[in-house]
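# Per-entry structural report
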Amino acid sequence: MSIETLQFQAETKRLLDLVINSIYTNKEIFLRELISNASDAIDKLHFESLTNREILGGDENFEIYVIPDAETKTITISDNGIGMTRGEVISNIGTIAQSGTKAFLEKIRESEGKIDEELIGQFGVGFYSAFIVAEKVELITRRAGENSAVKWASDGAGEYTLEDTEKNSRGTTIILHLKPEFCGGEDFDFTNIYTVENLIKKYSDFIRYPIKMNFEVEDADKNKTVEVRTVNSMQPLWTRNKSDIKPEEYEEFFKHQFHEWETPLEIFHTKAEGTTEYTALLCIPKHAAMNLYYSDYEAGLQLYSRHVFVMNKCKDFLPDYLRFIKGLVDSPDLPLNISRELLQQSREVKKIGKALEKNILKQLTKILKNERERYGEFWREYGKSLKIGVYNNAYDEKAKDDLKDLLMFATSKEDLSTLEEYVSRMPESQTKIYCATGKDKAQISQMPQMELLRERGIEVLYLLDPVDEFCIESLNKYADKEFQSITREDFSLDDAESQKTKSEVEELAKSHENLLKDVAAALNGAVSEVRLTPNLKTGAVCLSTGVNGPSLNMEKTFAAMNNPFFKAQRILELNPNHALFGKLSGLHALGKDTPEFKNFCELLYTQALLIEGIMPDNPVEIANKIADLMAK
């Protein structure tokens, strides 16, 4: 049989170089990774067999074998799972097609070449961890339902070989030719059967398929025979009583089952009996996935029926805003061969999902109340998801009501505050919840409207994430107090002094009606209105937007999404007490059509744009006009 030599994809070679030559924090992880891959391969076969029983070929006993061999200095991991075709071997091993690979390599560079188990698990490159301990790796695989097999081999140096071979059964066998330091050493001897047994019990005890090893036993006459033993318990963790499960057992389970590499922020283990029976074991990972809010993120829970795996990534249990939850649901009320279409229509799934959602929100409320610091940790990772949940349920008052007390925002007085806490600090005279949008706290604090609010000691919600404003507008009010953006045209303070000033400015505007109309005309449609405002102290101008349309922040958000037609209604507000207003009035008296008056109007508008962080359409032209004005 001819041997074909192929080159690794460039990024794959780079990854292998890093794996082989970098520093590792845990050299044992290769065994966990390869056993997990073997378990996944059996899962895939089992899932496919639900609709194609013939693919099993009469062999329904799923198992994984691990064989350390001190004589050959190898360790072999073998499964009777789905196996691979020649093409699948090339695409799955010779090439890394995952979008996360570049991000993985970037992370490695950031960590100065140090690879740890968190990175390997996070980016799904577990097979390559074999090269941590092996100087050569051989893989022999035969796809279920196929007769031909293929052998892959590589020393990780940039190329690999492929050849047709024979294999008596389906599945994959991986042979690791160990580096000398991992054979018989005091710290790492992966040819020692008891060392390997302990590692399997430590890392893979919850794998639901038997992991078997060959043990040499001696009888009373000192005759030696080989005995095959299953070394993992295989008892699903979620079937045990919560009181009998140690925290570290939960942690180890999530590490294996869902490739989590840190202790979860929170674990939910619930059992329900009655009309709908189910067990759920869920967790909130320590950190949000980097692609959590992107379309390539696969959300969903694993589904089991009577402890038998049915489906991966079932999206029908939890709403999209809880997409960060990982875990599984085991219910005897759901058939083994249920399809995704039937799941969407299943009353049982809907009932289980509602119960899980309620339980998760109840636990988050408890953490917020009793462990504020830990809730802050959760919020910084997943707060955006809850705000998206409010926005996505804009017309569902019950759903919004369930989430509103869990929301947190930065404010002008606090790093993070709930809406309830904000309202509790409001003076009796304040009837609205004031909020402002910006890219960061510094930008908002420098907004000209903030000066008046600081003077009156009024706290402002800082909406720093693009989704914040959509969330607030979906809520509309909290505790019967409406939200009020300080950049909307209807912004005003409630106290008597502010209302008096507002009336005075409105009277002044009547006497300058022609001036305001001519400023708007000079701006040639850039604004819908020019008006005087009582909301500025030392600032000369600001922009506000209409009450019902999109805000300037929303306009910028949609522009970033390549939707430039989502425009805000811009209103230019002038401070009648600023010296520039007097200058504007003087130029207007000389003639509304003079270049000086038009240029002055344009510069005032540009100033308002820059305050909002918006570049003018023609910055060079504006710079020249400023230079001409300065030269006079």
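To keep things clear, this report deals only with the structure shown in the data block. (Residues numbered from 1 in each chain as written. Predicted model: local features only at pLDDT ≥ 70, side-chain atom pairs only at ≥ 80, totals over all residues. Heavy atoms only, no water.)

### Overview of the overall build of the protein chain
Summing up its helical and strand segments, the protein chain has 21 helices and 25 strands in all. Expected size for 632 residues packed as a compact globule is a radius of gyration near 26 Å; at 33 Å, the protein chain overshoots this value by more than 25%. In terms of its C-alpha atoms, the protein chain occupies a principal-axis envelope of roughly 115 × 60 × 45 Å. Sequence separation of 24 or more characterises 70% of the internal contacts of the protein chain that already satisfy a separation of 6 or more. Accessible surface computed for the protein chain: about 31,200 Å², of which carbon and sulfur atoms make up 47%. (Helix = DSSP H or I, 4+ residues; strand = E, 2+ residues; numbered from the N terminus. Rg over C-alpha atoms; globule rule 2.2 N^0.38 Å. Contact = heavy atoms within 4.5 Å. Areas by Shrake-Rupley, 256 points an atom, 1.4 Å probe, with all protein chains shown as cover.)

### Observations concerning the sheet that holds strand β3 (residues 64-69)
Read across the sheet, nine strands follow the order β1-β8-β7-β6-β9-β4-β3-β10-β11 without closing on themselves; strand pairing throughout is mixed. Looking at the sheet topology across the chains shown, the edges are occupied by β1 (3-7) and β11 (224-230). Averaged over all neighbouring strand pairs, the angle between strand axes comes to 20°, with direction disregarded. Here strand β6 (residues 134-142) pairs with strand β9 (residues 171-178) via eight bridges, running antiparallel. Across the sheet, the residue bridging to Lys 136 is His 177, located in β9. Contacts between helix α2 (residues 29-49) and the sheet are confined to β3, β4 (74-79), β9 and β10 (211-218), with β4 contributing the most and set at about 20° to the helix. Along the sheet, helix α6 (residues 193-203) contacts β3, β4 and β10; its crossing angle with β10, the most-contacted strand, is approximately 145°. (Pairing = 2+ DSSP bridges. Axes fitted to C-alpha atoms, helices over the stretch in contact; angles between N-to-C directions.)

### Brief notes about the sheet that holds strand β25 (residues 570-574)
What the three strands build is an open sheet, ordered β23-β25-β24; its pairing is mixed. At either end of the open sheet lies a strand with only one pairing partner, and these are β23 (529-532) and β24 (541-545). Adjacent strand axes in the sheet meet at a mean angle of 30° when their direction is disregarded. Pairing of β24 with β25, which is carried by five bridges, proceeds in the antiparallel orientation. Within the sheet, the bridge partner assigned to Thr 545 lies in β25 and is Arg 570.

### What about the pattern of salt bridges?
Evaluated as defined, the whole model comprises 37 salt bridges. The salt bridge partner of Lys 136 is Glu 138, with a shortest N-O separation of 4.0 Å. Residue Lys 136 is classed as partly exposed on the basis of its relative accessible area, which comes to 35%. A residue is classified by how much of its surface remains accessible, and Glu 138, at 10% relative accessible area, is buried. (Salt bridge = Lys/Arg side-chain N within 4 Å of Asp/Glu carboxyl O. Buried < 20%, exposed > 50% of the residue type's maximum accessible area, 1.4 Å probe, protein only.)

### Observations regarding the environment of Tyr 294
Looking at the secondary structure, you find Tyr 294 in the loop between β13 (278-284) and β14 (301-305). Using a relative accessible area of 55% as the deciding quantity, one classes Tyr 294 as exposed. Measuring from C-alpha to C-alpha, the distance between Tyr 294 and Glu 504 comes to 51 Å, with 210 residues separating the pair along the chain.

### Focus: the nonpolar core
One finds Phe 317, Ile 325, Leu 356, Tyr 375 and Leu 461 to be the most contacted residues of the largest nonpolar core, which totals 72 residues. Among the elements that make up this core, the one with the highest residue count is helix α9 (residues 347-370) (eight residues). Residues within four places of Tyr 375 in sequence aside, it is in contact with Leu 364, Ile 367, Leu 368, Leu 386, Leu 406 and Met 408. Grouped together as the second largest cluster of nonpolar side chains are 54 residues, Ile 35, Ile 42, Val 150 and Cys 183 included. (Core = buried A, V, L, I, M, F, W, Y, C linked by side-chain atoms within 4.5 Å.)

### Things to note about the side chain of Arg 570
In this structure, Arg 570 sits in strand β25. What makes Arg 570 buried here is its relative accessible area of 14%. With near-sequence residues (within four places) excluded, Arg 570 lies in contact with Ala 526, Val 527, Ser 528, Glu 529, Ser 544, Leu 552, Glu 555, Tyr 605, Leu 609 and Ile 614.

### Description of the packing of helix α10 (residues 372-392) against helix α15 (residues 466-475)
The interhelical angle for the contact between α10 and α15, taken along N-to-C directions, is 40°, at an axis separation of 8 Å. When the interaxial angle is binned, α10 and α15 end up oblique. As for how α10 packs across α15, the hand of that crossing is left-handed. Counted together, Lys 384, Lys 387, Ile 388, Val 390 and Tyr 391 of α10 and Val 467, Asp 468, Phe 470, Cys 471, Ser 474 and Leu 475 of α15 form the full contact between these two elements. Classifying every residue of the contact of α10 with α15 gives seven nonpolar, one polar and three charged. (Parallel < 35°, antiparallel > 145°, perpendicular 65-115°, else oblique. Left-handed = near helix turned anticlockwise from the far one by under 90°. Nonpolar A, V, L, I, M, F, W, Y, C, P; charged D, E, K, R; others polar.)

### Remarks on the pairing of strand β12 (residues 266-272)
Within a regular strand, the side chains alternate between the two sheet faces. Here β12 lies mainly inside the structure; five of its seven residues are buried. Sheet topology note: the β12/β13 ladder contains seven bridges and is antiparallel. Bridge assignment links Phe 268 to a residue of β13, and that residue is Leu 282. In textbook terms, the turn of a hairpin is the stretch between consecutive antiparallel strands, and for β12 and β13 this stretch comprises five residues, one of which, Gly 274, has a positive phi near 130°.

### Thoughts on the packing of aromatic side chains
Inspection of the entire model under this criterion finds 21 aromatic pairs. What links up through ring pairs into an aromatic cluster is the set Trp 238, Phe 253, Phe 254, Phe 258 and Tyr 304. Its guanidinium or amino end placed over the ring of Phe 215, Arg 229 lies 4.4 Å from that ring's centre, counting from NZ or CZ. Sitting above the plane of the Tyr 293 ring, Lys 384 keeps its charged end 5.1 Å from the centroid. (Phe/Tyr/Trp six-rings, centres within 6.5 Å; stacked < 30°, edge-to-face > 60°. Lys NZ or Arg CZ within 6 Å of the ring centre and 35° of its normal.)

### Considering unusual backbone geometry
Although it is not a glycine, Lys 313 sits at a positive phi angle of roughly 55°. Its place among the elements puts Lys 313 in strand β15 (residues 308-314). Of note in the backbone geometry, Ala 479 takes a positive phi value of approximately 50° without being a glycine. Note that Ala 479 resides in the loop between β21 (477-478) and β22 (481-485).

### Focus: the pairing of β13
By the criterion of burial, β13 is predominantly enclosed, with seven of the seven residues buried. Two elements, β13 and strand β16 (residues 326-330), share five bridges in a ladder whose sense is antiparallel. Across the sheet, Thr 279 pairs through a bridge with Asp 330, a residue of β16.

### Let's talk about the packing of helix α19 (residues 579-590) against helix α20 (residues 595-611)
Where α19 contacts α20, the two axes come as close as 9 Å, and the packing angle between them is 150°. Relative to α20, α19 is oriented roughly antiparallel. Relative to α20, the crossing made by α19 is left-handed. Contact with α19, carried on its side by Leu 580, Lys 583, Leu 584, Leu 587 and His 588, involves Glu 596, Phe 597, Phe 600, Cys 601, Leu 604 and Gln 607 of α20 and no other residues of that element.

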